[in-house]
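# Descriptive structure summary
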Amino acid sequence: MSLNNYDFKAIEQAQQAKWQADNRYHTDNNDNGKPTRYMLSMFPYPSGKLHMGHVRNYAITDVLSRYYRQKGYDVMQPMGWDAFGLPAENAAIDNEVAPHAWTMSNIEHMRGQLKSLGLSIDWSREFATCNPDYYKWEQWLFLQLYKKGLVYKKLSTVNWDPVDNTVLANEQVIDGRGWRSGAVVEKRDIPMYYFKITDYADELLDDLKLLENKWPKQVLTMQHNWIGKSHGMELDFTYELNGQADKLTVFTTRPDTIMGVSYLAVSAEHPLAQYASRQNEKIAEFCRLCKQGSVAESELAKAEKVGMDTGLFAKHPVTGEDVAIWVANYVLMSYGSGAVMGVPAHDERDFEFAKKYNLEIKPVIEFKGKEYSTDAWQDWYSDKNGVCVNSGVLDGMDKDTASAKILEVVGDKANATIQYRLRDWGVSRQRYWGCPIPMINCQYCGTVPVPESDLPVVLPTDVVPDGRGNPLKSIPEFVNCTCPKCGQPAERETDTFDTFVESSWYAQRFTTPHDDTQMVGRQGADKWLSVNQYVGGIEHAILHLLYARFFHKVMRDEGLVGGSEPFECLLAQGMVLAGTFYREKADGSKSYYFPYEVEVRGNEAVLIADGEPVTIGKIEKMSKSKNNGVDPQTIMGEYGADTVRLYTMFTAPADQTLEWSDSALKGPYNFVKKVWRLADEHLTAIGNVEKSALDVANHSLSKSAKALRRKTHETIARIDTALGEHLALNTPVSSLMELANDIGAFDVADGGDLAVRHEAIITLLTILSLYAPHVGEHLLEVFGFDSRTLTFPTLDKSALVSDSIVMAVQVNGKVRGEIDVPTGTDNDTIKQMALSHEGVAKFITGEPKKVIVVPNKLVSVVV
Ligand code: ANZ
Ligand code: ZN
């Protein structure tokens, strides 16, 4: 029997059809007596087309899923669609098509693309988050949290994009402008719903310990910093206003610098600033200016520090001296108490501010005897490990001692506190294409939750937004309702949830995806959670993961799931990069060209169309805006899914960037063809040999057979550790390539040789089928295996020990021959063997001066 040519199209279709026909990757929620593995890729946004980042992400999860399946685990790998979000609305505006229809047709298309990649997905668990069956439970959970006080409504200052008519997240504001529209961002106060994630701040921080060595260090650090717990103190500065005693409370993390205070500063939204505004039009104007621009801290840190003296004073809690109160743009209303004590000598922002307005700079901390100068800011000025100076009773004290002393000295004017950088999560979006917030606004009763029995609040799907505000507002059938409390006509909330809400609990829902009686069923949850391996982009290292961790804890507290963390292990895959080509236009902007439009000659490139040069740009993340994306569909059409999968796994470690190169695809492609040839030759060679004759145990093995067998089992051991322990997905491919080379170089002379080659080839194909499942399984089936029951090759440790070693023999430093030494041979015997070797002997006359044995390596003869 022999094989036809390698026809990847036919093979890939045939294997996929088999998987589909026998529901190959279906899982249930019963205990099947096997250990379980829940393998999850971050689910895609159905933008319309798969990109290389997706391919890499899903291929990683798939290789690991297939590996654990072969290792005897009950493996679940689900897939769904993160289907709400802005792009659908933008597409609606561009093409006048309803977001729902657009999204659904994208899902159809992308599902097909995913299937053509050969992923071992349990499609029976698929869902799209824009389906009411899904978001009903999001609304339900929201109502539970509302009852518990974990959801509240608050008027809040937000970044407002006046062109897109929407609230922007801080990270959507770039240099004070909306990320999409480019419009100058304004601040606005609107009512919004918040999840009280800060109630879980401590737990979110402490539980990071559970993830050590299982999540990338870098991600843990980012989570840590985002939560940003700091110990500090609230200090009261008292004042009198129109005969009324009052106090200005500031939050500080450096109470030890209290004697260095030279001014106080409040944010433009602070009541004292508002008071001053009423007295003084100039201050009012300044406060209005402060309200423009982003509310993001990072933006504020970059902005020039400006302020105005209010003319008001408050008393220093220790000295009782008057301290001037300023309004300053760098003080945030939403952090601490919205007021700071200005210590210019030791805080960089205060230093900049004091320099600008000629305020006093009083050094009160000494650090390692270094000399303080007010000329320019030095980093050590803010070191927390100094001691107090010029501070009276605090002199000589470190930070902690000084803090304790202050609490003692100022009595009830000081209060030790803990602050978090983490803010509550505002989830209201003034957008159509999202999950409706299940609330009703009644003019008599105020905010009234939708009764659970009325869920889901269904989003109308036949709406085509026109880009002006939220279209839900103009749909009376949606807006008009009856107040569940008083029965009077009322209005439904038209804001929808931030789409981060849907992606915060999809992992849990996959365990019971179609249950219409509850959000998550305990049987499925207990069988599968937590996710054993989560794989996705580093861009989600902060928000998505934090929100998902928060949701898991909230769901745990609702009794829906066990455990404290949703994702046991995390792999943050690297980005896929590609070269860019561009020409600069007259206005300084760039127009980018696709690689296929360009011809590269050495260090230069020209546009094929006009033969004129183009600039070779940086190697960057594949993106539409840079025209450097490679379409997976095209590449799969040329080389097949198996090659594309192998290529993406083999070219770089999974957590590092991958530089795309079309020509480098040939490597894995040729490898697959080589495996095909080896399999073909071997198939012909075994002809009608009895099965028992292919069992290595039934033969005594030649030396070279033992060597190939050793290689086979070394490969098994190496790959098992790489995948099972190190999440190293690239090195196994090179190990397989080496094994294939050894198989190719191996000559079969007897029955033992044939059996050993058989074992090597089956090993090669079995492991290859993790990466290249179609061709791997196809060939195994040709050899009579059932692709449904493949098991990872068993390591035979005895095959790893070699029973002899080849040693080189040198005469005066030149290699003159090789001897084959049985393991355990003593040095004298080795010397004898070396000297009597035919090739060596002719270079020796008489007694050699010296014979040295370097164990396991060589024998050196000096004559
Ligand atoms: C006096 C001081 C002296 C401060 C010093 C720092 C260094 P972290 O550590 O990030 O939590 N701060 C307090 N509330 C603020 C607000 N609403 N907007 C802007 N800044 C505010 O930051 C705490 C420090 O940030 C506080 O400690 C306060 O400045 C400032 F040598 O107080 B510090
Ligand atoms: Zn009412």
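Position numbers for residues count from 1 along each chain, tracking the sequence in the order it is written. Chains carry letters from A onward and ligands carry numbers from 1 onward, assigned in written order. In keeping with the model being predicted, local features are shown solely for residues with a pLDDT of at least 70 and side-chain atom pairs are shown and tallied solely at 80 or more, while totals for entire chains, interfaces and linings include all residues. Hydrogens and waters are ignored; side-chain quantities use all the structure's heavy atoms.

### Here we look at the site of ligand 1
Contacts to ligand 1 come from 19 residues, most closely from Thr-252, Thr-253, Leu-332, Tyr-335 and Arg-421. Contact distances for ligand 1 include 3.0 Å between an oxygen atom and a backbone N or O atom of Thr-253. Contacts described as polar in this section are N or O atom pairs within 3.5 Å, which, within protein, must combine one atom able to donate a hydrogen with one able to accept it, while residues neighboring in sequence count only if both atoms come from side chains. At 2.4 Å, a side-chain N or O of Tyr-335 approaches an oxygen atom of ligand 1. Here the open area of atoms and residues is found with the Shrake-Rupley method and a 1.4 Å probe, where only the protein chains shown may cover a residue. Protein contact buries 89% of the 640 Å² of open area that ligand 1 shows by itself. Breaking the shell around ligand 1 down by element, the ones donating at least two residues are strand S9 (244-252) and strand S13 (339-342). What counts as a helix is a DSSP run of H or I of at least four residues, what counts as a strand is a run of E of at least two, and both are numbered from the N terminus. In terms of residues, the shell around ligand 1 owes the most to one element, S13, which gives 3 residues. Just so you know the grouping, Ala, Val, Leu, Ile, Met, Phe, Trp, Tyr, Cys and Pro go in nonpolar, Asp, Glu, Lys and Arg go in charged, and all remaining residues, Gly too, go in polar. Classifying every residue of the shell around ligand 1 by side-chain character gives 9 nonpolar, 6 polar and 4 charged. For each residue, the test is whether any non-hydrogen atom lies within 4 Å of the molecule or strand; if one does, the residue is near.

### Side note on the pairing of strand S35 (residues 858-862)
Two strands pair when backbone bridges link them, and strand S32 (residues 804-811) and S35 are joined in this way by 4 bridges, in the parallel orientation. Pairing of Gln-810 across the sheet is with Ser-860, part of S35. Note: two strands are recorded as paired if DSSP finds a minimum of 2 bridges between them. Relative to S35, strand S34 (residues 850-854) is paired through 5 bridges, and the arrangement is antiparallel. Across the sheet, Lys-850 pairs through a bridge with Val-862, a residue of S35. Hairpin connection of S34 to S35: 3 residues between the antiparallel strands, including Asn-856 at a positive phi of 65°.

### Looking at the coordination of the zinc ion (ligand 2)
Around the zinc ion (ligand 2), the protein contributes the donor atoms Cys-442 (SG), Cys-445 (SG), Cys-483 (SG) and Cys-486 (SG), at 2.2 to 2.4 Å from the metal centre. For the zinc ion (ligand 2), the single-chain donor residues occur in sequence as C-x2-C-x37-C-x2-C. Remark: Cys-486 occurs in the loop between strand S21 (480-482) and strand S22 (489-492) and Cys-445 occurs in the loop between strand S19 (439-442) and strand S20 (446-449); sequence separation between them is 41 residues. The exposure class assigned to Cys-445 is partly exposed, which follows from its relative accessible area of 25%. Only nitrogen, oxygen and sulfur atoms qualify as donors, and only when within 2.8 Å of the metal (3.2 Å in the case of Na, K and Ca); with water excluded, sites may look incomplete. Relative accessibility under 20% of the residue-type maximum defines a buried residue, over 50% an exposed one, and the middle range a partly exposed one, all with a 1.4 Å probe and only protein chains included.

### A short note on the pairing of S19
Bridging between S19 and S20 involves 4 bridges; their strand directions are antiparallel. Residue pairing in the sheet places Asn-441 in a bridge with Thr-447 of S20. Between the antiparallel neighbours S19 and S20 lie 3 residues.

### Considering the UniProt feature "binding site: ATP" (unreviewed entry) in the chain
UniProt positions are given in the numbering used here, feature names are shortened, and annotations may be inferred rather than shown by experiment. Annotation from UniProt places "binding site: ATP" (unreviewed entry) at Lys-624. Relative to the helices and strands, Lys-624 resides in the loop between strand S30 (613-621) and helix H17 (632-639).

### Considerations on the sheet that holds S34
If you trace the 4 strands from one edge of the open sheet to the other, you get S33-S32-S35-S34, paired in mixed fashion. Since the sheet does not close on itself, it has two edges, and those belong to strand S33 (814-822) and S34, each with one partner. Taking each pair of neighbouring strands and ignoring which way they run, the sheet shows an average axis angle of 20°. Sheet topology places S32 next to S33; 8 bridges connect them, and they run antiparallel. Residue pairing across strands places Val-811 opposite Lys-814, the latter belonging to S33. Contacts are assigned to residue pairs that have any heavy atoms within 4.5 Å of one another. Angles shown run from 0 to 180 degrees and are taken between the N-to-C directions of axes, each axis being a line fitted to C-alpha atoms and, for helices, limited to the stretch in contact. With respect to the sheet, helix H24 (residues 827-836) is in contact with S32, S33, S34 and S35, its orientation differing from that of S33 by roughly 130°.

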